[in-house]
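# Commentary on secondary and tertiary structure
Here are the chains, one letter per residue:
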Amino acid sequence: MKKKIQLSNSEKKALNELKSLSIQIKKYNDAYHKYDKPIISDHKFDELIKKNNELEKKFPYLRLKTSPNEYVGSKVLNKFSKINHKLPMLSLGNAFNENDLIEFIKRIKKFLKNEKIILEFSCEPKIDGLSINLTYKEGVLISAATRGDGLIGENVTENIKTIKNIPQKINTNNFPSLIEIRGEIFLEKKDFILLNSKLDDKEKFSNPRNAAAGSIRQLDINITKARPLKFVTHGVGFISKEYLSLKKLYNDMSLWGFAPSKYLKFSTKLKEMLRYHSDLNLKRSLINYDIDGIVFKLNDIELQKRLGFVGKNPRWAIAYKFESVKAFTKINSIDLQIGRTGAITPVARLEPVNIGGVVVSNATLHNFDEINNKDIRENDIVEIQRAGDVIPQILRVSKKLSKRNKAYKHPVNCPICDSILIKDEDGVIYRCLNYYKCKAQIIERLIHFVSKKAFNIDGMGEQQIKLFWNRKFIKNASDIFNIDKFKNEIIELEGWGKLSYNNLINNIEKSKSINIEKFIYALGIRFVGETTSQILSKYFDSIESLIKSAKNIKELEDIDGLGPKVIKSISEFIDNKDNIDEIRKIASNCQVIKRKEKFTKSIFNNKTVIFTGKLNEMSREEAKKRALDLGAKIASSISKNTDYLIYGENAGSKLNKAKELKISTLSEKKWLSMI
Ligand code: IVH
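Since this is a predicted model, take the numbers as computed values, not measurements.

Rules used throughout
Residues numbered from 1 in each chain as written. Predicted model: local features only at pLDDT ≥ 70, side-chain atom pairs only at ≥ 80, totals over all residues. Heavy atoms only, no water. Helix = DSSP H or I, 4+ residues; strand = E, 2+ residues; numbered from the N terminus. Rg over C-alpha atoms; globule rule 2.2 N^0.38 Å. Buried < 20%, exposed > 50% of the residue type's maximum accessible area, 1.4 Å probe, protein only. Contact = heavy atoms within 4.5 Å. Disulfide = S-S within 2.5 Å. Pairing = 2+ DSSP bridges. Axes fitted to C-alpha atoms, helices over the stretch in contact; angles between N-to-C directions. Parallel < 35°, antiparallel > 145°, perpendicular 65-115°, else oblique. Left-handed = near helix turned anticlockwise from the far one by under 90°. Nonpolar A, V, L, I, M, F, W, Y, C, P; charged D, E, K, R; others polar. Near = heavy atom within 4 Å. Polar contact = N/O pair within 3.5 Å; in protein donor to acceptor, adjacent residues only side chain to side chain. Areas by Shrake-Rupley, 256 points an atom, 1.4 Å probe, with all protein chains shown as cover.

## Focus: the overall build of the chain
Scanning the chain from N- to C-terminus turns up 24 helices and 26 strands. A compact globule built from 675 residues should have a C-alpha radius of gyration of about 26 Å, and the chain, at 29 Å, falls within 12% of that. In terms of overall dimensions, the chain has a C-alpha envelope of 100 × 65 × 65 Å along the principal axes. Taking all 675 residues of the chain together, 47% fall into the buried category. Intrachain contacts of the chain at a sequence separation of at least 6 include 68% that bridge at least 24 residues.

What follows is the structure in structure tokens.
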């Protein structure tokens, strides 16, 4: 018989507390990791862990078999590992009406410089699910990843293997040796309702999309297995086999066991495409799963390749969204938000309302003209609409339903730093010009600095930035890299503790290795968003060379894709000595990775190229894209730094100047033969 140990009163108390903590922590941990539904804040969770660890340290012999330390921090807290997609997972541009679709087709024809070309498009529903990337090597499913940030996703291979209509092995001999199959994971509406009926109120999902996402991101794959997830393919990423048309590709994919949408059709006629859109819109409620629009994709894969991408959207595909859902609600107040560049945006705080499965409690008002034009006032009852991921919009005030307040008066001073607001040149946006001192702007820039597309520091978001700022742990972005100076203070902060602190330090450490384009984006320079940062990263291979060139406006002016507003903003930013010091401080903490050059074999790699005259075989836009794809830099004015001038018909002064400067000139024909 086991000898019963006599416990002192304080030990008895500790044991009871440990038991209660283990039950609570298990519940919260499961809510977060198993059900994707956190029920307490991370801080509160860490606090419980801290309490538990202190007791275990004091009374090591009382540690329970069910101690959170048996799983927290190891198996369960390890979220999913990461997977690099072989080709980025992009997103689709949207069309909201017939005209947008017509413009989309026109743009393609213009780019291809062929107004008469007959274009064939696939038509398929846009499923409102979770996109997934399945990699097969020699016919075997080797990994499955969520989209993540488009470049890196989460490894959900084991969960995906539980989905019945995803084959794990393909034996057909025409199956490519390496292929990324992409598609949508979703739950049918009836399965979503059934699932929710079995969950407690707190655990219920708000729509089938969230339910599908929550069901995939399960560390316990038995939970995923119990949910009847389905898969529909809508394309491929990398593929070790050439296909000329989407039709043939989809056809082969069906034979391999990957079903594209059963509503898939092909059409060359705008009228038919529009009818397809309206037919499916009508049928929408009868379809077993949620769809939010129609995707049109160019059938010809050669043309797809020529067209390429603008930013993150392919030029050859578009999502024509169904009209959005609308609802009425009340504006409780109109608040002001100050962006990182000082722009003041009014925001309507709404009485929460459920629109198409999503609870909406804020809507942007864009600017004060919008408030004026629509005569929006606090307490008004307004009609709002939500379309997909788009921020909810206020359509109109219902004067009938509203008890009207006084007309809204726009502010004269910054609500945070009190400096006078100035209207932008465009006459619409009001801006606080106290860029360097306005607390709101500084904090917004810090939040931008750590955000996903910038330094991507996990565990450092709006809340933490505000907390550290208020405690004076950080003043500038570079201080983030020296946050360990405040180790003791941070550990003692409410809800922190060693575990959270160590995680944060690890994440900061990870963020230090950063691509140059993300570094540039993180600086938060006005007008320098993702696309401009990418353009700049192509021209400058170090932060120092960017600083040097930005001091000389001429060099910036010669970069294709940078407009005068952007150039002015960059050079003003770099003209400020404090900014340069700060950039250098940040850079000295990081390992800034140069843009990967994939084009070393091309003779145009790293060469500066100018186009002039009228091209016959392709549009100027396509020619530029081709040159960029080959690693070239495109300039607009000739200088001694120009390497090639490519000329079409009626080339004028540029051609003469190039000859004068002894720069290599290539006729359109010669250039075509070289590419
Ligand atoms: S094609 C290059 N087709 O919508 C883009 N996407 O913004 C390739 N989606 O995350 C995507 N149904 O997961 C495509 N029939 C369909 C789709 C579809 C849903 C999702 C997709 C992507 C998002 C595009």
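## Comments concerning the state of the cysteines
Using the criterion set out here, one finds zero disulfides in the structure. Looking at the unpaired C432, the closest cysteine sulfur is the one in C417, lying at 3.6 Å. Given a relative accessible area of 1%, C432 falls into the buried group.

## As for the sheet that holds strand β4 (residues 130-137)
Reading across from one edge, β5-β4-β7-β8 is the order of the four strands in this open sheet, with antiparallel pairing throughout. In the strand order of this sheet, the two ends are held by β5 (140-146) and β8 (230-239), each with one partner. Taken pair by pair, the neighbouring strands of this sheet meet at an average axis angle of 30°, ignoring direction. Pairing between strand β7 (residues 178-186) and β8: seven bridges, direction antiparallel. Of the residues in β8, the one forming a bridge with I185 is F231. Each of β7 and β8 touches helix α8 (residues 246-256); the most contacted strand, β8, lies at about 120° to it.

## Thoughts on helix α22 (residues 620-629)
Within the span of α22, buried status applies to E622, A623, K625 and A627. Against the buried residues of α22 lie α3 (98-111), α10 (301-307), β11 (309-310), β23 (608-612), β24 (633-634) and α24 (668-674). Positive phi appears at G631, one or two residues downstream of α22, with a value of about 95°.

## Looking at the packing of α3 against helix α9 (residues 270-283)
As a packed pair, α3 and α9 sit with axes 12 Å apart at the nearest point and diverge in direction by 140°. On the basis of the axis angle, α3 is oblique to α9. Read as a crossing pair, α3 and α9 show a hand that is right-handed. Across from E98, L101, I102 and I105 in α3, the residues of α9 making contact are L270, M273 and L274. A per-class count over the contact of α3 with α9 returns six nonpolar, no polar and one charged.

## A few points about the site of the ligand
The full set close to the ligand counts 13 residues, and L92, E124, I127, S131 and E184 are the nearest of them. Between K297 and the ligand, the recorded distance is 3.2 Å, taken from a side-chain N or O atom to a nitrogen atom. Burial of the ligand by the protein chains amounts to 86% of its free accessible area of 520 Å². Among the elements that take part in the shell around the ligand, strand β3 (residues 121-127) stands out by supplying four residues, more than any other. When its residues are assigned to classes, the shell around the ligand shows six nonpolar, three polar and four charged.

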